[in-house]
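Chain residues, written in single-letter form:
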Amino acid sequence: MAVKSSQQKMREIEYAAIALISGEGINAASFRKVAAASGYSLGSVQNFFPSQQELFLGIMDYIVSAERQWASESGLFEGGMRAEDFFLYSEQMLPFHEERMHQLRAWDALVRLGSVDASIKKKAEDLLSENYEIMETVFEFMKADGIFRKDLNTSYAAGIYYTFLEGLGRHAMILGRKYSEEKMKKIVREFVQNNFMEKSR
């Protein structure tokens, strides 16, 4: 049996905490419950995360890095800018599978906690700002390659689009029966085509 790295153990603890927060709320992520859910001892959990705040900050990093790792491993945009890659890049922000659903619910709970915890608020702001910058960069490349309109204000459009995706994701989590994966994909494509793409495409 392969020995797990410290990084892998941390990810498993963070994922267990994410599932607890998603299913039972932020107060469910006590060290004892996280230890039981992850299969690690209480001491091991506290060794990786000396405080609950550090656990929560680690979870936020994990959720955002999971998005970016998926995009990197999928090889998006490696052969140049393509509309289909842009759609795939967008879709990883939506709750298409259970793991992503847990992550989005946990993220929302942690952002709300940021209203009373300055460190968590700052972490959320920093990570969200980075995501906006990445989105804007993608928009700039799509515009430069003639996929998006030449007159597009990429900074403004990226902000609108990020907000649109977050709103769609939240609606899908609340009204799951109304927003199937197929319907969400259709909505995303129509929004992009109607608002950003050159009409000839």
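Here's what I pulled together on the structure shown here. (Residues numbered from 1 in each chain as written. Predicted model: local features only at pLDDT ≥ 70, side-chain atom pairs only at ≥ 80, totals over all residues. Heavy atoms only, no water.)

### So, the overall build of the protein
1) Next: A count of helical and extended segments in the protein gives nine helices and zero strands.
2) Next: Listed N to C, the secondary structure of the protein is α-α-α-α-α-α-α-α-α in terms of helices and strands.
3) Next: Considered along the principal axes of its C-alpha atoms, the protein spans approximately 60 × 35 × 35 Å.
4) Next: By the burial criterion, 42% of the 201 residues in the protein qualify as buried.
5) Next: A sequence separation of at least 24 residues applies to 67% of the contacts in the protein between residues at least 6 apart.
6) Next: Summing over all exposed atoms, the protein offers an accessible surface of approximately 11000 Å²; the carbon and sulfur share of this is 51%.
7) Next: For the protein, the distance from the average position of its 25 positive side-chain charges to the average position of its 28 negative side-chain charges is 5 Å. (Helix = DSSP H or I, 4+ residues; strand = E, 2+ residues; numbered from the N terminus. Buried < 20%, exposed > 50% of the residue type's maximum accessible area, 1.4 Å probe, protein only. Contact = heavy atoms within 4.5 Å. Areas by Shrake-Rupley, 256 points an atom, 1.4 Å probe, with all protein chains shown as cover. Lys, Arg positive; Asp, Glu negative; His and termini not counted. Charge placed at Lys NZ, Arg CZ, Asp CG, Glu CD.)

### Observations regarding the packing of aromatic side chains
Working definition: an aromatic ring pair is given by the centre-to-centre distance plus the angle between the planes.
1) Next: Within the structure shown, the criterion is met by 15 aromatic pairs.
2) Next: Here the aromatic rings of Y161 and F196 are separated by 5.6 Å at their centres, their planes lie at 85 degrees, and the arrangement is edge-to-face. Of this pair, Y161 sits in helix α8 (residues 154-174) while F196 sits in the segment after α9 (181-195), placing them 35 residues apart in sequence. F196 carries the same exposure label as Y161, and that label is buried.
3) Next: Feature note: the residues F86, F87, Y89, F139, F148, Y161, F164, F191 and F196 constitute an aromatic cluster, connected by ring pairs.
4) Next: Taking NZ or CZ as reference, K183 lies 5.3 Å from the ring centre of Y179, over its face. (Phe/Tyr/Trp six-rings, centres within 6.5 Å; stacked < 30°, edge-to-face > 60°. Lys NZ or Arg CZ within 6 Å of the ring centre and 35° of its normal.)

### Quick word on the side chain of Q92
1) Next: One can find Q92 in the loop between α5 (83-91) and α6 (98-113).
2) Next: Of the residues examined, Q92 reaches a relative accessible area of 13% and is grouped as buried.
3) Next: Within the local environment of Q92, its side chain forms a polar contact with the backbone oxygen of Y89, the two atoms lying 3.0 Å apart.
4) Next: Among residues more than four places away in sequence, those in contact with Q92 are E67, W70 and R100. (Polar contact = N/O pair within 3.5 Å; in protein donor to acceptor, adjacent residues only side chain to side chain.)

### A word on helix α7 (residues 118-144)
1) Next: Its 27 residues give α7 an end-to-end C-alpha distance of 39 Å, which sits within 8% of 39 Å, the value for a rise of 1.5 Å per residue.
2) Next: Three or more residues of α7 are buried, namely I120, A124, L127, N131, M135, V138, F139 and M142.
3) Next: Two to three positions downstream of the cap, the backbone nitrogen of S119 sits 3.0 Å from a side-chain oxygen, assigning the N-cap of α7 to D117.
4) Next: Following α7 by one or two positions, G146 adopts a phi angle in the positive range, close to 80 degrees. (Expected span 1.5 Å × (residues − 1).)

### Looking at the packing of α6 against α7
1) Next: As a packed pair, α6 and α7 sit with axes 8 Å apart at the nearest point and diverge in direction by 125 degrees. Relative to α7, α6 is oriented oblique. Here the hand of the crossing between α6 and α7 comes out left-handed. Along its contact with α6, which presents W107, L110, V111 and L113, the element α7 presents I120, A124 and L127.
2) Next: The residue inventory of the contact of α6 with α7, partitioned by class, reads seven nonpolar, no polar and no charged. (Axes fitted to C-alpha atoms, helices over the stretch in contact; angles between N-to-C directions. Parallel < 35°, antiparallel > 145°, perpendicular 65-115°, else oblique. Left-handed = near helix turned anticlockwise from the far one by under 90°. Nonpolar A, V, L, I, M, F, W, Y, C, P; charged D, E, K, R; others polar.)

### Remarks on the nonpolar core
1) Next: The biggest cluster of nonpolar side chains holds 31 residues, and the ones touching the most others in it are F86, M135, F139, F148, Y161, V188 and V192.
2) Next: A total of eight residues in this core trace back to one element, the largest contributor, which is α8.
3) Next: Among residues more than four places away in sequence, those in contact with F148 are F86, F139, M142, K143, V192, F196, M197 and E198.
4) Next: Counting 27 residues, the second largest nonpolar core, distinct from the first, contains I13, I18, F31 and V34. (Core = buried A, V, L, I, M, F, W, Y, C linked by side-chain atoms within 4.5 Å.)

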